[in-house]
Amino acid sequence: MLRALITGITGQDGSYLAELLLSKGYEVHGMIRRASTFNTQRIDHLFTDPHDPKTKLFLHYADFTDSSSIAEVIRKCEPDEVYHLAAQSHVRTSFDIPEYTVDVSGLGTVRILEAIRRSGKNMKFYQASSSEMFGQAAEFPQSETTAFRPRSPYACAKVLAYHVTVNYRESYGMFASNGILFNHESPRRGETFVTRKITRGIARILAGKENRIYLGNLTAKRDWGFAGDFVEAMWRILQHDKADDFVIATGESHSVKEFLEEAFSLVDLSWQDYVSIDECYFRPAEVDFLQGDSSKARKLLGWQPRVKFKELVRMMLEADIKKEGANAILKK
């Protein structure tokens, strides 16, 4: 039985990846931070009786600012595959806490790679890289050969993590790969991310709980896919015959305004009546347009995104309407 370790298992991607690996017969271990409240809602449905010998999901406490705790989890689990998803992942917030963002998202990757190297075990390593590394890209669409031009502390931290992953691969012969994932959403997306702010906001308006949605830059364009599709790409990257770096994207780009229009049209409302622009949500340095070229992953990994843009918006809105108890039926 293969054993996998997922850092950031309680996040959107971690929960979908845990589901996928369990369905493939893996024993799955997750690394989580100790907190005063439980934050396992996204994976609670995956737990069985911990005393059941058939249990295949286990959690371990560690923190990516603490090398010793990371090394202890690696020593204890001895995984075959490590999926490193943990990060301070909110771009706008990274401007407010830049040092912490770089420490966790950048140096945290150094810490786990070093723990794997020092273990002396052959473990495959996946680093969750980001399209934000391309920033104000000089070419469109962006591929594995596009130069990085990061525009936020988050993106800078991810560039560090990307390069150190390549460095450990080339220096120590480790199976260490980067997946450069473009934006990927789902009903499990964090509520502070713009797509969930929109779908959750609509649901709360319909339920009579809120009157308006406050957003920032509506003209920013992103390549949005479904997180469930993208975690399959993560798995395929580690099943490839050699370590390498891959862009994972749908190849389509849509603006925040387009997302708004599509979501509000499903409930037959005009977004202009319910959306206000708040300057606090603008980034000090904006990334205007991202669109990925995933032809390498499609050719070498056999990966294809299945959920289209309009399906994704509908999926997220339906889930939030149900969650908020709104009495609404989406248009066909």
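Here, the structure is the one placed above.
Draft legend 1. Highlighting the pairing of strand 4 (residues 81–84). Side chains Glu 81 and Tyr 83 project from strand 4 onto one buried face, and the interleaved Val 82 and His 84 project onto a second face that is buried too. Sheet analysis places strand 1 (residues 3–7) next to strand 4, joined by four bridges and oriented parallel. Looking at strand 4, one finds that Thr 7 is bridged to His 84. With four bridges connecting them, strand 4 and strand 5 (residues 124–130) associate as parallel partners. Bridging across to strand 5, Glu 81 finds its partner in Lys 124.

Draft legend 2. Inspection of the sheet that holds strand 6 (residues 176–181) at higher detail. The strand order across the open sheet formed by seven strands is 3-2-1-4-5-6-11, and the pairing between neighbours is parallel. In this open sheet, the two edge strands, each paired with only one partner strand, are strand 3 (57–61) and strand 11 (245–248). Along the sheet, successive strands turn relative to each other by an average axial angle of 20°, direction set aside. The sheet contacts of helix 1 (residues 12–23) involve strand 1, strand 2 (27–32) and strand 4, and relative to strand 1 the element is tilted by about 175°. The strands touched by helix 7 (residues 227–239) within the sheet are strand 4, strand 5, strand 6 and strand 11, with strand 4 carrying the most contacts at an inclination of about 140°.

Draft legend 3. Representation of helix 5 (residues 153–172). With 20 residues, helix 5 should cover 28 Å at 1.5 Å per step; its first-to-last C-alpha distance of 28 Å lies within 8% of that length. Gly 173 occupies a position one or two residues after helix 5 and carries a positive phi of about 70°.

Draft legend 4. Up close: the pattern of salt bridges. Taken as a whole and judged by the stated rule, the model has 27 salt bridges. Across the pair Glu 27 and Arg 3 runs a salt bridge, and its minimum N-O distance is 2.9 Å. Of the two residues, Glu 27 is situated in strand 2 and Arg 3 in strand 1; the sequence distance between them amounts to 24 residues. Between Glu 324 and Lys 209 there is a salt bridge whose closest N-O contact spans 3.0 Å. Residue Glu 324 is located in helix 10 (residues 309–324), and its partner Lys 209 is located in the loop between helix 6 (194–206) and strand 8 (213–215); the two are separated by 115 residues in the primary sequence. Among the residues examined, Glu 324 registers a relative accessible area of 9% and is labelled buried. A relative accessible area of 43% means that Lys 209 is categorised as partly exposed. Here the salt bridges do not stand alone but share partners, grouping Glu 191, Arg 196, Arg 200, Arg 204, Lys 209, Glu 210, Asp 320, Lys 323 and Glu 324 into one network.

Draft legend 5. Here's a closer look at unusual backbone geometry. With an omega dihedral of -10°, the bond running from Phe 140 to Pro 141 counts as a cis peptide bond. Examined against the element boundaries, Pro 141 turns out to sit in the loop between strand 5 and helix 5. A positive phi is found at Glu 78, a non-glycine position, where the angle reads about 45°. Locating Glu 78 in the fold gives a position in the loop between helix 2 (67–77) and strand 4. According to the relative accessible area criterion, Glu 78 is partly exposed, its value standing at 41%. A positive phi angle, close to 60°, is found at Asp 268, a residue other than glycine.

The rules behind the values
- Residues numbered from 1 in each chain as written.
- Predicted model: local features only at pLDDT ≥ 70, side-chain atom pairs only at ≥ 80, totals over all residues.
- Heavy atoms only, no water.
- Buried < 20%, exposed > 50% of the residue type's maximum accessible area, 1.4 Å probe, protein only.
- Helix = DSSP H or I, 4+ residues; strand = E, 2+ residues; numbered from the N terminus.
- Pairing = 2+ DSSP bridges.
- Axes fitted to C-alpha atoms, helices over the stretch in contact; angles between N-to-C directions.
- Contact = heavy atoms within 4.5 Å.
- Expected span 1.5 Å × (residues − 1).
- Salt bridge = Lys/Arg side-chain N within 4 Å of Asp/Glu carboxyl O.

Function cannot be read off these values alone, since they describe shape.
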